Amino acid sequence: MKAKLVLLLVLLSVPVAALGGSEAVVKEPWRGVHIGIGSAKAVEQLTGVVGELAGLGINVIVGEINYGYKYTSHPELRRGGASGPEQIKRLLAECRRHKVRLIPQFQCLGHQSWSKNTGPLLTKYPEFDETPGKYPNNKGIYCRSWCPLHPQVNKIVFELIDELIKVFEADAMHVGMDEVFIIGDEDCPRCKGKAELFAGAVNDYHKHLAGRHKIEMLMWGDRLIDASKYSYGKWEASANDTAAAIDMIPKDIIMCDWHYNLRDAYESVPLFLEKGFRVWPASWKKPDAAKAFVDYSRKFDNKRMLGHLNTTWGAVKIGDLPSFEPLKYAAKSFTR
């Protein structure tokens, strides 16, 4: 009897990914919110509303931090106003007090610039750019990407991720990877075959997270949806030949399937489920669209349907999150 109890305690301490991956049973729906926490101020504001969010039923927070942490391995990659370990630990303690799971996000591959501003990684290490020297002031592009095959990029990125895993005491990590429009550039001497490149990057991150650290990996799913088959358009689905990567990556990755507009059906949900992934649908600020997506996804009686994730993207102040209508609706809908 004692041996069985010890075995049970060991199993309860193992991340879901290690207990069967995509086939693991989720007992409680994931009622989540995605929030940018790229500054100490944002971390402190979030800490102040964790209790109210938990009161709504929120049990998962995805905090996108990127370069907004005081990294010690690469202090040159810190943004101004970054949070330190003391702020993160206070947030983590508050989440634990209210039984809210805290998952950090570090945006990988794409979204390495915004408007005229290039992010710290490609500013300090311009040789990592997929298109070095091209698009001055980022004119004519959406966001820069790093080259997934540069021999030094993963070493640095993984050192940053390792710090986040440690300070967040993380059992999962979100790697972003949405809206990657620059990949396999014709002038890159290393990169050819966009689906293979994208899958290779996904597999690199998965090996580091699920393989080395034994934690779960989450990512946005849009680059794995074929825009020629599904009428989402080039933002919510891929029109740049990355979609075939869906069959080249591990099935224990959690797909955050974001769609922000009102539709009669969200066909990517059954697509990801049929492929064997766990799916966490994600909505945004339009109440009618968010409610439609929540109602649609609730129809699937599948143990790999996790619940719902509400994104925010600056549409609501952190202090106003408890009154954010889409969030309230999703939390209520997935309570059981």
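Residues numbered from 1 in each chain as written. Predicted model: local features only at pLDDT ≥ 70, side-chain atom pairs only at ≥ 80, totals over all residues. Heavy atoms only, no water.

**Thoughts on the overall build of the chain**
Along the chain, the regular secondary structure elements total nine helices and eleven strands. Since a compact globule built from 336 residues should have a radius of gyration of about 20 Å, the 19 Å found for the chain is in line with a globular shape. Summarising the internal contacts of the chain: among those between residues at least 6 apart in sequence, 77% fall at separations of at least 24. (Helix = DSSP H or I, 4+ residues; strand = E, 2+ residues; numbered from the N terminus. Rg over C-alpha atoms; globule rule 2.2 N^0.38 Å. Contact = heavy atoms within 4.5 Å.)

**Focus: the packing of aromatic side chains**
Enumeration over the complete set of coordinates arrives at 16 aromatic pairs. Ring centres 6.3 Å apart and planes at 90° place the aromatic pair phenylalanine 158 and tyrosine 205 in the edge-to-face group. With a gap of 47 residues between them, phenylalanine 158 in helix α5 (residues 153-168) and tyrosine 205 in helix α6 (residues 194-213) connect regions that are remote in the sequence. Taking the relative accessible area as the measure of exposure, phenylalanine 158 reaches 14% and is therefore buried. Considering the side-chain rings of tyrosine 296 and phenylalanine 300, the 5.4 Å spacing of their centres and the 65° angle between planes classify their relative orientation as edge-to-face. (Phe/Tyr/Trp six-rings, centres within 6.5 Å; stacked < 30°, edge-to-face > 60°. Buried < 20%, exposed > 50% of the residue type's maximum accessible area, 1.4 Å probe, protein only.)

**Some points on unusual backbone geometry**
The phi torsion at asparagine 138 lies on the positive side, around 65°, for a residue other than glycine. Inspection of the secondary structure assignment puts asparagine 138 in the loop between α4 (120-124) and α5. One non-glycine residue with positive phi stands out, namely aspartate 241, at about 65°. With respect to the element layout, aspartate 241 can be found in the loop between β7 (216-220) and β8 (254-256).

**Comments concerning the side chain of arginine 278**
With respect to the helices, strands and loops of the structure, arginine 278 is situated in strand β9 (residues 278-279). We classify arginine 278 as buried; its relative accessible area is 0%. A polar side-chain atom of arginine 278 sits 2.5 Å from a polar atom in the side chain of glutamate 216. A polar contact of 2.9 Å, which involves the side chain of arginine 278, links it to the backbone oxygen of aspartate 252. (Polar contact = N/O pair within 3.5 Å; in protein donor to acceptor, adjacent residues only side chain to side chain.)

**A short note on helix α2 (residues 40-56)**
Between the first and last C-alpha of α2 there are 25 Å, a value that for 17 residues agrees with the 24 Å anticipated at 1.5 Å per step. Taken residue by residue, α2 has Ala40, Ala42, Val43, Leu46, Thr47, Val49, Val50 and Leu53 as its buried positions. Once α2 ends, the next one or two residues include glycine 57, with phi positive near 115°. (Expected span 1.5 Å × (residues − 1).)

**With respect to the nonpolar core**
Counting residues in hydrophobic clusters, the biggest one holds 85 residues, and the most contacted among them are Ile61 and Trp146. Broken down by element, the residue count for this core peaks at ten residues, all from α5. Apart from residues no more than four positions distant in its own chain, isoleucine 61 is found in contact with Val33, Ile35, Leu46, Val50, Leu53, Cys95, Val100, Arg101, Leu102 and Ile103. Counting 15 residues, the second largest nonpolar core, distinct from the first, contains Val60, Trp258, Trp280 and Ala282. (Core = buried A, V, L, I, M, F, W, Y, C linked by side-chain atoms within 4.5 Å.)

**Describing helix α8 (residues 287-297)**
Among the residues of α8, those classed as buried are Ala289, Ala290, Ala292, Phe293, Val294, Tyr296 and Ser297. Buried residues along α8 sit in contact with α7 (268-275), β10 (282-283), β11 (307-310) and α9 (325-333).

**Focus on the environment of lysine 275**
Turning to its location among the elements, lysine 275 is positioned in helix α7. On the accessibility criterion, lysine 275 (29% relative accessible area) is partly exposed. In the structure, lysine 275 is positioned 38 residues away from alanine 237 in sequence and 16 Å away in space, judged by C-alpha atoms. Ignoring anything within four residues of it in the chain, the contact list for lysine 275 reads Ile246, Asp247 and Lys251. Among the polar contacts listed, one links the side chain of lysine 275 to the side chain of aspartate 247, at a separation of 2.9 Å.

**Thoughts on the pairing of β11**
Across four bridges, the pairing between strand β1 (residues 30-36) and β11 is parallel. Pairing of valine 33 across the sheet is with asparagine 310, part of β11. Where β10 lies against β11, two bridges are found, and the strand directions are parallel. Residue serine 283 lies in a different strand from β11, and its bridge partner there is asparagine 310. (Pairing = 2+ DSSP bridges.)

**Topic: the packing of α5 against α6**
As a packed pair, α5 and α6 sit with axes 12 Å apart at the nearest point and diverge in direction by 40°. Taken together, α5 and α6 sit at an angle that is classed as oblique. Between α5 and α6 the crossing geometry is right-handed. Contact residues: Asn154, Phe158, Ile161, Asp162 and Ile165 in α5; Asp204, Tyr205, His208, Leu209, Arg212 and His213 in α6. Tallied by class, residues from the contact of α5 with α6 come to five nonpolar, three polar and three charged. (Axes fitted to C-alpha atoms, helices over the stretch in contact; angles between N-to-C directions. Parallel < 35°, antiparallel > 145°, perpendicular 65-115°, else oblique. Left-handed = near helix turned anticlockwise from the far one by under 90°. Nonpolar A, V, L, I, M, F, W, Y, C, P; charged D, E, K, R; others polar.)

**Some words on the environment of proline 322**
Within the secondary structure layout, proline 322 lies in the loop between β11 and α9. Separated by 167 residues in the primary sequence, proline 322 and lysine 155 have C-alpha atoms spaced 39 Å apart. Proline 322 has contacts with Glu52, Leu53, Leu56 and Lys328, leaving out every residue within four places of it along the chain.

**Brief notes about the sheet that holds β8**
Read from one edge to the other, the open sheet built from nine strands follows the order β9-β8-β7-β6-β3-β2-β1-β11-β10, with strand pairing classed as parallel. Strands at the two margins of the open sheet, each flanked by one partner only, are β9 and β10. Strand direction decides the pairing type here: β1 and strand β2 (residues 60-64), joined by five bridges, are parallel. Of the residues in β2, the one forming a bridge with glycine 32 is valine 60.

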